[in-house]
Amino acid sequence: MNYAAKLKSKANLGAVLGGIQGNPKGKKRTSSKRILKQDVGILIHLSRAAGLPAADSNGLSDPFVKFRVGKSTNKSYRVEKSLNPSWNEDIFIPVPKDSKDSLRVEVWDWDLIGSNDYLGECVVDISEINWENPIDYEMELIDKRSKGGHQEAGTIIFSVKRAHRSEITRTKAKWVVSEEDSISRQLIVDVVEGKDLLAMDSNGKSDPYVKLEYRGRKEKTEKKRYTTKPQWKERFDFPYDKKHDDQILTIEVFDWDRLSLSDFMGVGTVNLKELKNKNGLVNDIWVPLEYKKNPAGFVHLLISTVNVLKDNKLPTRQKENSKGVVKAHVIQGLKPKGKKNKCCYVEIQVANNKLRSQPVEDSGNPVWERIMELPVKDIFGTIEVALYERDTKYQDPPKLLGIISRPLLEIRNCDTDWFVLKNDHLEKAVDCQLQIAFKFDYSYSGYLGIIGRKDENLMGLTKPKRSIKGALHQMGRVNKLSKDASGLLKKVMTLLNWGYGPQASAAGMFFGGLYFLLFRAFFIPLTMLMGLLYTYSNNYKGHPVSVNEEGEAEAIASVNYRPDPESDDEDESEEQPAENASSAKKPKMDLWEKANMPLKIAETVQNKAKMVSDYGERFENLTNWTRPSVTAVLCVLLAVGTVVMMFIPLNILAFLGLEFQFTKRGLRKYGIAFLRKPHHVPFEPPIEMLKRVPTNEERIQQARVQPSEETVQEQLFKSPYKTNRNLAAA
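Let me begin by describing the structure that accompanies this report.

Definitions and limits used
Residues numbered from 1 in each chain as written. Predicted model: local features only at pLDDT ≥ 70, side-chain atom pairs only at ≥ 80, totals over all residues. Heavy atoms only, no water. Helix = DSSP H or I, 4+ residues; strand = E, 2+ residues; numbered from the N terminus. Buried < 20%, exposed > 50% of the residue type's maximum accessible area, 1.4 Å probe, protein only. Contact = heavy atoms within 4.5 Å. Areas by Shrake-Rupley, 256 points an atom, 1.4 Å probe, with all protein chains shown as cover. Core = buried A, V, L, I, M, F, W, Y, C linked by side-chain atoms within 4.5 Å. Polar contact = N/O pair within 3.5 Å; in protein donor to acceptor, adjacent residues only side chain to side chain. Pairing = 2+ DSSP bridges. Salt bridge = Lys/Arg side-chain N within 4 Å of Asp/Glu carboxyl O. Expected span 1.5 Å × (residues − 1). Phe/Tyr/Trp six-rings, centres within 6.5 Å; stacked < 30°, edge-to-face > 60°. Axes fitted to C-alpha atoms, helices over the stretch in contact; angles between N-to-C directions. Parallel < 35°, antiparallel > 145°, perpendicular 65-115°, else oblique. Left-handed = near helix turned anticlockwise from the far one by under 90°. Nonpolar A, V, L, I, M, F, W, Y, C, P; charged D, E, K, R; others polar.

## A word on the overall build of the protein chain
Within the protein chain, the regular secondary structure consists of 14 helices and 27 strands. Across the 730 residues that make up the protein chain, the buried fraction comes to 42%. Considering only residue pairs separated by 6 or more positions, the protein chain has 69% of its internal contacts joining residues 24 or more positions apart. For the protein chain, the exposed surface amounts to about 40300 Å²; the carbon and sulfur share of it is 56%.

## Describing the nonpolar core
Membership of the largest hydrophobic core comes to 45 residues, with the highest contact counts inside it found for V326, W368, V385, L387, L408, I436 and F438. Residues in contact with L408, not counting those within four places in the same chain, are V326, V350, V376, D378, I379, G381, T382, I383 and F440.

## So, the side chain of N365
Tracing the backbone shows N365 in the loop between β20 (360-361) and β21 (367-376). Polar contacts involving the side chain of N365 include one to the side chain of Q332, which spans 3.2 Å. A distance of 2.8 Å separates a polar atom in the side chain of N365 from the backbone oxygen of G333.

## Topic: unusual backbone geometry
Of note, K233 is a non-glycine position whose phi angle comes to about 55 degrees, a positive value. Looking at the secondary structure, you find K233 in strand β12 (residues 231-239). The exposure class of K233 is partly exposed, given its relative accessible area of 24%. Positive phi values are uncommon outside glycine, yet W625 reaches one of about 60 degrees. Relative to the assigned elements, W625 resides in the loop between α8 (597-623) and α9 (628-647). Judged by its relative accessible area of 7%, W625 is buried.

## Description of the pairing of strand β22 (residues 382-391)
Most of β22 is tucked away, with 8 of its 10 residues classed as buried. As defined by bridge partners, strand β18 (residues 342-350) adjoins β22 across 9 bridges and the pair is classed as antiparallel. What sits directly across from I348, in β22, is V385. In the sheet, β22 pairs with strand β23 (residues 399-407) via 8 bridges, with the strands oriented antiparallel. Pairing of V385 across the sheet is with I404, part of β23.

## Quick word on the pattern of salt bridges
Summed over the entire model, instances satisfying the criterion amount to 19 salt bridges. R704 serves as the salt-bridge partner of D417, at 2.8 Å between the closest nitrogen and oxygen. Here D417 is found in strand β24 (residues 416-422), whereas its partner R704 is found in the loop between α12 (696-702) and α13 (709-716), with 287 residues between them in sequence. A cluster of three or more residues bridged by salt bridges with shared partners is formed by D190, R235, D237, E347, K354, R356 and R390.

## Concerning helix α6 (residues 523-537)
Between its terminal C-alpha atoms α6 stretches 21 Å, which fits the 21 Å expected from 15 residues at 1.5 Å a residue. Taken together, the buried positions of α6 are occupied by F523, P525, L529, L532 and T535.

## Focus: the packing of aromatic side chains
Overall, the coordinates contain 20 aromatic pairs when judged by the stated rule. When the centroid spacing of 5.6 Å and the interplanar angle of 75 degrees are considered together, the rings of W108 and Y118 count as edge-to-face. With W108 in strand β5 (residues 103-109) and Y118 in strand β6 (residues 117-124), this residue pair connects regions lying 10 residues apart in the sequence. Judged by relative accessible area, which is 12%, W108 ranks as buried. On the basis of relative accessible area, Y118 is assigned to the buried category, the value being 12%. A ring pair is formed by Y345 and Y388, whose centres lie 5.5 Å apart and whose planes are at 15 degrees; its orientation type is stacked. With Y345 in strand β18 and Y388 in strand β22, the pair connects residues that are 43 residues apart, well separated along the chain. With a relative accessible area of 3%, Y345 lands in the buried category.

## Let's talk about the pairing of β6
Here β6 lies mainly inside the structure; 6 of its 8 residues are buried. Pairing geometry for β5 and β6, over 7 bridges, is antiparallel. Across the sheet, residue R104 finds its bridge partner in β6, namely V123.

## Notes on the packing of α6 against α9
Where α6 meets α9, the closest approach of the two axes is 8 Å, and the angle between their N-to-C directions is 150 degrees. Between α6 and α9, the angle is such that the two are roughly antiparallel. Where α6 crosses over α9, the two elements pack in a sense that is left-handed. Between α6 and α9, the residues in contact are P525, L526, M528, L529 and L532 and T631, L634, C635, L638, A639, G641, T642 and M645, respectively. The residue makeup of the contact of α6 with α9, split by class, is 10 nonpolar, 3 polar and no charged.

## Thoughts on the side chain of Q186
By secondary structure assignment, the location of Q186 is in strand β9 (residues 185-195). Among the residues examined, Q186 registers a relative accessible area of 4% and is labelled buried. Polar side-chain contacts of Q186 include one of 2.7 Å to the side chain of R356.

Fair warning: the whole summary comes from geometry, so function is off the table for now.
Here it is in structure tokens:
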């Protein structure tokens, strides 16, 4: 028999056995041309799977599904890094009408290098499948290749029906994640700062950085130079599964070295099963470190868990323990259309509590329709709403597209409006907008919290890095305040020199002399109260903050510069506490430290000048009624203080106040266990009250940029949410 006859007989034999034709070139074929040309077959709607085994070193898998009927095969898209994947995909397989083969479903883990890993399979009899109604299946996957034989490998859900090829539209879900996906539940870890870390270098300091590990996934912070009290303020996200057995977060601290390997400084762990606060509420934890079974300092973490697909409504107990509740109805957004495989989500934050919306495809007009609810401890605080973009595979860190900051007491309840977002420093407008409705309910007892510690965002805007320009900028702010103070002194000198005319000058001297002759202690709060009421009668609210068409703040000449954090080479450093006088010789500075000495001096001047200018501007804005709610509460306190000081001597009040502070701090340090707070920082009520008033820089950050009316009118027809009924009823 010649070669052509052999080839023909092989082709006929292959067609009889299953449709595999002869192939003299040795190319691999999975199905015959005759079967592939068939228009009839089965339509499989692959929904999701749950409880798949982990096949990768990160404790996750990249699963995809193979469907096989006889020699006809087809497969799904793969889902990255998930043990509970969701496909929501339609898959067609050509199958002859008279076929008696079963449907074999195999789940595999995709690998970039090497062969794919087998996870499990199941078999379905398709003889009873009809053309009209699909049959739903929830099948247990079995790992037949395991050592123990038939081992359970999770569950898969899909439906099957008879169909023609023309009915197929291969689609993906609009949402990037589904309720069953592992990345729909996220663990957010904020690395804030370190305290009392070990000194590993010869200069008595360290260059520390932190490594985090959770279920095989590792993250690392930046290094901080020459300090044992570093401030990192970095955020990391992990896929979170509260049902998983491994719920240990490991924290390791290392000292970076230029010419050798990093030195180990200590390790600590956090058991996530013991977290008290869930669903966006923060857990403020100081993690103790150990080095060779000895204490090695602390790392300050803020840990919270969020479910991006769940409307997080607060329980009644949480509402009762808070001073108020703020709701944000995030409806839709406008932004430049992003690249492929990108998604965007919205994050709201009040102090350190935060929630996230579901990530949606980056189409330029994303729609969330999501209500998020957070508790409020300090009604004088702000709410921040940020828009982020990241890849759908959740491999790269998210990118901040824009952010807004709004004072809680200035919220107009249930008014749906468009907000123009700003850049990361809240200085300039960006080409992104969000349509949001806010609602803030609070109790009047929250006003008493003005004398308590301010609930600050520990992960807020980072400090400007040290630079000569930054120091000059802060000195300019101090210079402006000194000019204002000297202006008040000039008014007094003008009065003494009869500069206001004979009648006004004489009247001023008469009442001034009478004030000092009849002076009593209660005159001090009374004078301050009269001054604030006089300012209020003039309807004066300080220097106006306006925003031009480009979204840049104007009308505050002193706030015109913020150093670019990328312009300096060195990271910010913390000052080392002074050594004890009885200690040994001070460690010598190396050449690198000596070269950075001018920057350290500039940093010290910059920080001190910033502190002075911040408190000076806060006091000025307090007296100018820039934040009317804070100044009104101060007026009430001054009125009460005036009445009290009229009847109780000042020395008695001073004695009672000192005794109260002394006893309270002693109990916290040496008293009952539940009162002890090892990381408590004492605070002064007047300073905390002053922190509720914004500086001129913060007024610029909180100033709202009005959106263009043309842009809003163009896009309003796309939004079906023109009323506020959803938020008001929530």
